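Spelled out from the first residue to the last, the chains are:
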Amino acid sequence: MLADNTALQAQLRVKRRLYFVSAGAILAICLAHILLSGTVQPGPTLVQLIWSLCYVLLGVAIGEGWLAPWASGIAAGLVSISGVTGIIHFTGGPASPYFVTLVSAPLILALFTPDSRLPTLVCLGAMLGAVTVLNVLAGIPARTFLPQILTFVCIGSFGLYGGRTYRRLREAEKVAQEQRLHALEQLAESERLRLRAERERAEVERLVLVGQLASGVAHEVNNPLAFVKSNLHYLERELLEVDGSPDKAELRELLDETRQGVLRIQQIVTDLRRFAREGPASTEQGSAAEAIEEARRLASVRLRSLGEVVVDITPRLPEVLLGQRHLVQVLVNLLLNAADAVEEAVPPRRARIEVRARRVDGGVRVEVEDNGTGIPPEALPRLFEPFFTTKPPGKGTGLGLALCHEYVCRAGGSLTAENRPEGGARFVLTLKEVLEAAAAA
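Cut-offs applied
Here the residue index of a chain counts from 1 through its sequence in written order. Local features in a predicted model are, by the rule used here, given only for residues with pLDDT of at least 70; side-chain atom pairs are given and counted only at 80 or more, and totals for whole chains, interfaces and linings are based on all residues. Processing note: side-chain calculations cover all non-hydrogen atoms of the structure and skip hydrogens and water entirely. Each helix is a run of H or I in the DSSP string that is no shorter than four residues. Each strand is a run of E no shorter than two, and both are numbered from the N terminus. Burial classes: relative accessible area under 20% of the type maximum marks a residue as buried, over 50% as exposed, and values in between as partly exposed (1.4 Å probe, protein chains only). We call two residues in contact when some of their heavy atoms are within 4.5 Å. All accessible areas in this document rest on Shrake-Rupley with a 1.4 Å probe, and a residue is counted as covered only by the protein chains that are shown. A pair of strands is treated as paired once DSSP finds two or more bridges between them. As a rule, the C-alpha atoms of each element are fitted with a line to give its axis, helices using only the stretch in contact, and angles between N-to-C directions run from 0 to 180 degrees. Within this scheme, the nonpolar core is defined by two criteria: the residues are buried Ala, Val, Leu, Ile, Met, Phe, Trp, Tyr or Cys, and they are joined through side-chain atoms within 4.5 Å. Stacked, tilted and edge-to-face are the three classes applied to pairs of Phe, Tyr and Trp rings, where Trp contributes its six-membered ring and a pair requires centres within 6.5 Å; stacked means planes under 30 degrees apart, edge-to-face means over 60, and tilted covers the rest. These descriptions rest on fixed angle ranges, namely under 35 degrees for roughly parallel, over 145 for roughly antiparallel, 65 to 115 for roughly perpendicular, and the rest for oblique. Helix crossings get a hand from a simple test, with the near helix turned counterclockwise from the far one by less than a right angle marking a left-handed crossing and a clockwise turn marking a right-handed one. Put simply, Ala, Val, Leu, Ile, Met, Phe, Trp, Tyr, Cys and Pro go in the nonpolar bin, Asp, Glu, Lys and Arg in the charged bin, and everything else, Gly too, in the polar bin.

*Asks:* When you look at the overall build of the chain in this model, what are you seeing that I'm missing?
*Replies:* The number of helices and strands found in the chain is 11 helices and seven strands. Scored against the burial criterion, the 441 residues of the chain give a buried share of 39%. Residue pairs at least 24 apart in sequence account for 72% of intrachain contacts in the chain once pairs closer than 6 positions are excluded. As presented, the chain carries roughly 25,100 Å² of accessible surface, and 62% of it is formed by carbon and sulfur atoms.

This is the structure in structure tokens:
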């Protein structure tokens, strides 16, 4: 409603300006005629002054909202026909050089009021009436000026047809604009749904990882709980001994071992809860060294029974342009994939997974290697495609590496895979340094 009212006000301002400009043009023509001829013709001059005054009044009326746009168009047409008729009458009637201008009145009005057919129709009727009156006053027989009237009707019809064509074009443009807006709304809704599906897909994969880790968490937590419980039982028994006093050094050792067990449980639970908790998008910065340690702790519940994980991190690595939560998720994925690769290797072997982190030009390079059987050559080009997996049915979703690749590439880094010459697979993760990324932006 507000937009429609604003458009109407703008239209009224344009029409008001048009009437004022037209009034000024009529006065300028009158003045130029007087200067060029050197004489003042009372009749035509009076008609032009009244004509100009009527246009001024129409401009004021339309600006104040006293007249509707369609009504002002009719009034302007009648004023124009009356003014032209008066000038023709005072300058020779049908023989006047201005007689031909009568036929142009409906055409000009059609240009000024193309959104309405009524003013053009009224102006056309008034023009035919003026032609008839001028010819009758001049004593010209009807059969003489009737062909002239028919010709004027045909010419005036062009104005009606032009206005109709303009209205159709306006309606077609309006429909096209509405269709464009509808298409943009649909595009925005599709983008919103795509982003929502992307978030849900990432959440599903993260929960899949949590589920994979959860089975090992119970065993990992049970181990420290077992010796915490045993130590507490021993302390209780020693403190209740009546004869003799317990060995304080042994008690201190038991207490320290118990404290370490509790801290281990706390660390496992903290890591798992932080990893499972939904967080902000990966447009933050992260620490590769801290992420590697956290990912190793999370994956240790799975890797401890398979073999060893060797971590080699260069000191004082810079912060990288990838959020800590997503960085940990990428590394946990790579570690668990390495564990799966070694576990499925034939013949069976003890796992050796190496994680190296080095500073390179403009960022950090992280390598995760395993001693499994490697990646099939036909699978390498499709390894990061969504829903593609080399794992048996029910063991992989095909989303883990695709999401990791998406997170890393979105942050300006890269994630590639290759087979080691000595056997096994190598994943290379390259991330931009935060200061380097800020300078490039």
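*Asks:* What should I look at first to understand the sheet that holds strand β7 (residues 425–432) in this one?
*Replies:* Within a sheet, neighbouring strands are paired by backbone hydrogen bonds and run either parallel or antiparallel to one another. Taking strand neighbours across the sheet as the criterion, the five strands line up as β2-β4-β5-β7-β6 in an open arrangement whose pairing is mixed. Because the sheet does not close on itself, it has two edges, and the strands there are β2 (307–313) and β6 (414–419). Neighbouring strand axes in the sheet, compared pairwise and without regard to direction, differ in orientation by 15 degrees on average. With seven bridges joining them, strand β4 (residues 351–360) and strand β5 (residues 363–369) adopt antiparallel strand pairing. Looking at β5, one finds that Glu354 is bridged to Glu369. Each of β2, β4 and β5 is contacted by helix α8 (residues 288–303), which is oriented at about 180 degrees to β2, the strand it contacts most.

*Asks:* Which parts of the structure should I look at to understand the nonpolar core?
*Replies:* Among soluble globular proteins, nonpolar side chains are generally buried collectively. By size, the foremost hydrophobic cluster in this structure holds 45 residues, and its most contacted members are Leu327, Leu331, Leu335, Val366, Phe427 and Leu429. Apart from the residues within four sequence positions on either side, Leu331 is in contact with Ala291, Ile292, Ala295, Val366 and Leu429. Tyr19, Ile62, Val84 and Ile88 belong to the second-largest nonpolar core, a separate cluster that totals 29 residues.

*Asks:* Would you mind going over the pairing of β6 with me for this structure?
*Replies:* When a strand is regular, its side chains alternate between the sheet's two faces. The pairing of β6 with β7 spans six bridges and is classified as antiparallel. If you follow Ala417 over to β7, its bridge partner there is Phe427. In textbook terms, the turn of a hairpin is the stretch between consecutive antiparallel strands, and for β6 and β7 this stretch comprises five residues, one of which, Gly423, has a positive phi near 110 degrees.

*Asks:* Sorry, what's going on with the packing of aromatic side chains here?
*Replies:* The geometry of an aromatic ring pair is captured by the separation of the ring centres together with the interplanar angle, meaning the angle of the planes. If you walk through the whole model with that rule in mind, you get two aromatic pairs. For the pair Tyr19 and Tyr55, a centre-to-centre distance of 5.9 Å together with 35 degrees between the ring planes defines the contact as tilted. Here the residue Tyr19 occupies a position in helix α1 (residues 2–37), and Tyr55 occupies one in helix α2 (residues 42–64), the gap between them amounting to 36 residues. Each ring, one from Trp51 and one from Tyr55, has its centre 6.4 Å from the other, and the planes form 50 degrees; the classification is tilted. With Trp51 and Tyr55 both in helix α2, this residue pair falls four residues apart, about one helical turn. Among the residues examined, Tyr55 registers a relative accessible area of 9% and is labelled buried. Feature note: the residues Tyr19, Trp51 and Tyr55 constitute an aromatic cluster, connected by ring pairs.

*Asks:* Sorry if this is basic, but what is going on with the packing of α8 against helix α9 (residues 324–343) here?
*Replies:* Geometrically, a packed helix pair is captured by the angle between its two axes and the distance between the axes. The interhelical angle for the contact between α8 and α9, taken along N-to-C directions, is 40 degrees, at an axis separation of 8 Å. The angle between α8 and α9 places the two elements in the oblique class. In the packing of α8 onto α9, the handedness of the crossing is right-handed. Mapping the contact onto sequence places Ala288, Glu290, Ala291, Ile292, Glu294, Ala295, Arg296, Leu298, Ala299, Arg302 and Leu303 in α8 and Gln324, Leu327, Val328, Leu331, Val332, Leu335, Leu336, Ala339, Asp340 and Glu343 in α9. Each residue belonging to the contact of α8 with α9 can be placed in one class, and the counts come to 14 nonpolar, one polar and six charged.

*Asks:* What am I meant to see in the packing of helix α3 (residues 69–90) against helix α5 (residues 118–137) here?
*Replies:* Taken N-terminus to C-terminus, the directions of α3 and α5 make an angle of 20 degrees; their axes are 9 Å apart at the nearest point. Judged on the interaxial angle alone, α5 and α3 are roughly parallel. In this structure, α3 meets α5 at a crossing whose hand is right-handed. Facing Trp70, Gly73, Ile74, Gly77, Leu78, Ile81, Thr85, Ile88 and His89 of α3, the residues of α5 in contact are Leu118, Pro119, Val122, Cys123, Ala126, Met127, Ala130, Leu134 and Leu137. For the contact of α3 with α5, the residue count by class is 14 nonpolar, four polar and no charged.

From the geometry alone we can't say anything about function, so treat these as descriptive.
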